[in-house]
Amino acid sequence: MTHPRPKTISLVIPAYNEEAYLPACLDAVMQNVAGKALEIIVVDNNSTDGTKQVVERYPTVKYVFEPIKGITRARQRGLLSATGDIVAYVDADTLPPPGWIEQIARNFAEDSNLACLSGPYSFYDLSGIKDKISTGWFVTARPLYALTGFMMVGGNFAIPRETLHKMGGFDDTIEFYGEDADIAKRAKKFGKVLFSPSFVMPTSGRRLQKQGLLKMAGLYFINYLSIVFRSKPATQGYQDIR
């Protein structure tokens, strides 16, 4: 009896002016992901700071440059550069924890119909009560997931490379808000979109701190519904938080 070949995983990290946060991210990746992923790719999205120099301190990390700014364009550049069976995406201010990549491998090995895996954030730089309130948003959002069958966060997801190509890749007309819901909605046409509460990604709460929890929750909620009903986001502009 022959066993199927284990699926290979490419990790993609888009980065725009992330010299302050990227070192901790890559340190966590080196500790918890390196050696288990086929490749680690940082997509420099036309940074003007020392992002490239940070990447150069990690010889095993592949540096890719995307000159046109925008998160969907950076994600697409990562897709075109990746060679793994599954492409996993995290943000430059995340800290991939122990067991994270193992969850990806296990979930895709156990479910051949799985088209996308994602899960909630925890916020490592918010105080206890703020972190609980912020992560609680994902609990309140679960009824939406139950109704629609899709939910995803852009800094913590994995998807088969072949599925992404069949979907036509990332929609570069979407600048920021709604890009994760758009991917999840389109992925659902190819299989199950699993939003697992145990697939947690520690990330920075810098956007919540600067723009406020209520404003951010409102923006994500409105744009999620807009993707559900109109297949396009309600909000066009966004603010870089660095």
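For the structure, see preceding data.
Residues numbered from 1 in each chain as written. Predicted model: local features only at pLDDT ≥ 70, side-chain atom pairs only at ≥ 80, totals over all residues. Heavy atoms only, no water.

## Overview of empty space enclosed by the protein
Move 1: For the coordinates displayed, the defined rule picks out one cavity of 30 Å³ or more.
Move 2: Of the voids in this model, the largest cavity is the one considered here, and its volume is about 960 Å³.
Move 3: For the largest cavity, the lining is made up of 47 residues, of which D91, Y121, F176, R207 and Y220 are closest to its centre.
Move 4: Looking at the lining of the largest cavity, the elements with two or more residues in it are β1 (9–15), α3 (71–81), β6 (121–123), α5 (128–140), α8 (179–187), α9 (206–211) and α10 (213–230).
Move 5: Here the lining of the largest cavity gets seven residues from one element, more than from any other, and that element is α10.
Move 6: Looking at the lining of the largest cavity residue by residue, the classes come out as 25 nonpolar, 10 polar and 12 charged. (1 Å grid on protein atoms, 1.4 Å probe; cavity = no way out; pocket = protein on both sides within 12 Å on 5 of 7 lines; lining within 4 Å. Points joined across faces, edges and corners; volume = space filled by probe spheres on them. Helix = DSSP H or I, 4+ residues; strand = E, 2+ residues; numbered from the N terminus. Nonpolar A, V, L, I, M, F, W, Y, C, P; charged D, E, K, R; others polar.)

## Comments concerning the environment of A217
Move 1: In this structure, A217 sits in helix α10.
Move 2: Residue A217 is classed as buried on the basis of its relative accessible area, which comes to 18%.
Move 3: Residues A217 and A82, 135 residues apart in the sequence, show an inter-C-alpha distance of 32 Å. (Buried < 20%, exposed > 50% of the residue type's maximum accessible area, 1.4 Å probe, protein only.)

## Describing the pattern of salt bridges
Move 1: Within the structure shown, the criterion is met by 10 salt bridges.
Move 2: One salt bridge connects R73 with E175, and the closest N-O pair in it is separated by 3.7 Å. Taken as a pair, R73 in helix α3 and E175 in the loop between α7 (161–167) and α8 lie far apart in primary sequence, 102 residues in all.
Move 3: E162 serves as the salt-bridge partner of K166, at 3.4 Å between the closest nitrogen and oxygen. Placement of both K166 and E162 in helix α7 is noted, with a separation of four residues, approximately one turn of the helix.
Move 4: The exposed category is assigned to K166, whose relative accessible area is 53%.
Move 5: Salt bridges sharing partners connect three or more residues here, namely E18, D93 and R206. (Salt bridge = Lys/Arg side-chain N within 4 Å of Asp/Glu carboxyl O.)

## Describing the state of the cysteines
Move 1: Tallying each qualifying case throughout the model produces zero disulfides.
Move 2: For the unlinked cysteine C25, the closest cysteine sulfur is that of C116, found at 19 Å.
Move 3: On the accessibility criterion, C116 (0% relative accessible area) is buried. (Disulfide = S-S within 2.5 Å.)

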